[in-house]
Amino acid sequence: MPESIMAEISEQYRNTHENLLDLLVNLTDEQIGWTPNATTPSIGFHVWHLARWADYLQEMINGRGNQLWDKEELAIHWDMETDSLGYAQTGMSMDDKTAVTLRIPGKDLLLDYARRAFAAAQRAVEGISDKEFYKIYEGLHGENWHDGRIGPIISTWMTHDNRHLGMIECLVGVQGIHGSADS
C-alpha cells in the first residue's frame, strides 16, 4: 500500500493506462478505427488523444523539449495536418468532423507511441513528492490550469483519462466485443 498521497495518485494514474492498454491488446486495426456515426470519434482517436496528453504532461514536468511527439516528428511521419490537431496538437477543441476523420496510424504504431508516452508520464508523476503537490509548473502554451499547481493538474487529467477510458469501453461494447477495463 502506498505510504504517500502522490504514491497513491501515481499508482492510480499508472493503473488507468495499464487498463486502457489491456483493453486494446486484442482489438484489430478495424475495431480501433471504427466509428458509429459522423460525430463520434474512434477508439484510435481516444487513444491518440490520451497519449498526447500524457506526453504533454511529462514535458510539463520534465521541461520543454521532452515530448516524444515533437522529438520524433510523429505528426509528420503519420501525415497529420498539425493545424487541425487542436490545442497543442492534443486533440482538445477539435471539431467533430476533424476528430472523426483524423487519420490515426495502425494499432502497432499507435500503441507503441501510447505505451512510451504513458511510461514517460508515469515516471514523471512518480517523481512528484507529497511536498511538491502544490509546486507550480509552467504551462507550455500559456494555459494556467489550477494556477500551475501540479498535483491538482495530475488529478484533473486522471479524471479526464478515465472519462475517455469509459468512452473506449462503450465503443468496444457497441461493436459487440466483450471487454471492460476492469474485467
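Residues numbered from 1 in each chain as written. Predicted model: local features only at pLDDT ≥ 70, side-chain atom pairs only at ≥ 80, totals over all residues. Heavy atoms only, no water.

1. Considering the environment of Tyr 56
Note the threshold: Helix and strand assignments come from DSSP, with helices taken as H or I runs of at least 4 residues and strands as E runs of at least 2, each series counted from the N terminus.
Inspection of the secondary structure assignment puts Tyr 56 in helix α3 (residues 43–62). Taking the C-alpha atoms as reference points, Tyr 56 and Pro 36, 20 residues apart in sequence, are found 29 Å from one another.

2. Let's talk about unusual backbone geometry
Located in the positive-phi region is Glu 73, a residue other than glycine, with phi close to 50°. Mapped onto the fold, Glu 73 is located in the loop between α4 (68–71) and α5 (74–77). Positive phi, normally seen in glycine, also occurs at Asp 79, with a value near 55°.

3. Brief notes about the nonpolar core
How we decide: Throughout, nonpolar core names a set of buried Ala, Val, Leu, Ile, Met, Phe, Trp, Tyr and Cys residues whose side chains join them through atoms within 4.5 Å. The classification of residues rests on relative accessible area computed with a 1.4 Å probe and restricted to protein chains. Under 20% of the type maximum is buried, over 50% is exposed, and intermediate values are partly exposed. In what follows, residue pairs with any heavy atoms lying within 4.5 Å of each other are defined as contacts.
Trp 48 and Ile 154 are the most contacted members of the largest nonpolar core, which has 55 residues in total. Residue assignment for this core shows that the elements contributing at least two residues are α1 (5–24), α3, α4, α5, α7 (107–126) and α8 (150–174). Setting aside anything within four residues of it in sequence, one finds Ile 154 in contact with Met 6, Ile 9, Leu 57, Ile 61, Val 125 and Ile 128.

4. A word on the confidence of the model for the protein chain
Rules: Here pLDDT means the predictor's own confidence in every residue, given as a number from 0 to 100.
Within the protein chain, residue pLDDT values average 90, and 96% of them lie at 70 or more. Element-level pLDDT for the protein chain is lowest in helix α6 (residues 96–101), with a mean of 82, against a maximum mean of 98 in α7.

5. Let's talk about the side chain of Glu 59
What counts is decided by this rule: Charge convention: Lys and Arg are scored as positive, Asp and Glu as negative, and His as well as the terminal groups of each chain are ignored. Each salt bridge in this description consists of a side-chain nitrogen of Lys or Arg and a carboxyl oxygen of Asp or Glu lying within 4 Å of one another. Polar contact is the term for a pair of N or O atoms within 3.5 Å; when the atoms are in protein, one must be able to donate a hydrogen and the other to accept it, and sequence-neighboring residues count only if both atoms are side-chain atoms.
Looking at where Glu 59 falls in the secondary structure, it is placed in helix α3. Buried and unpaired, Glu 59 has no salt bridge, with Arg 64 as the nearest side chain of opposite charge at 5.8 Å. A distance of 2.7 Å separates the side chain of Glu 59 from the side chain of Gln 67, its partner in a polar contact. Once you skip the residues sitting within four places of it in the chain, Glu 59 turns out to touch Arg 64, Gly 65, Asn 66, Gln 67 and Leu 140.

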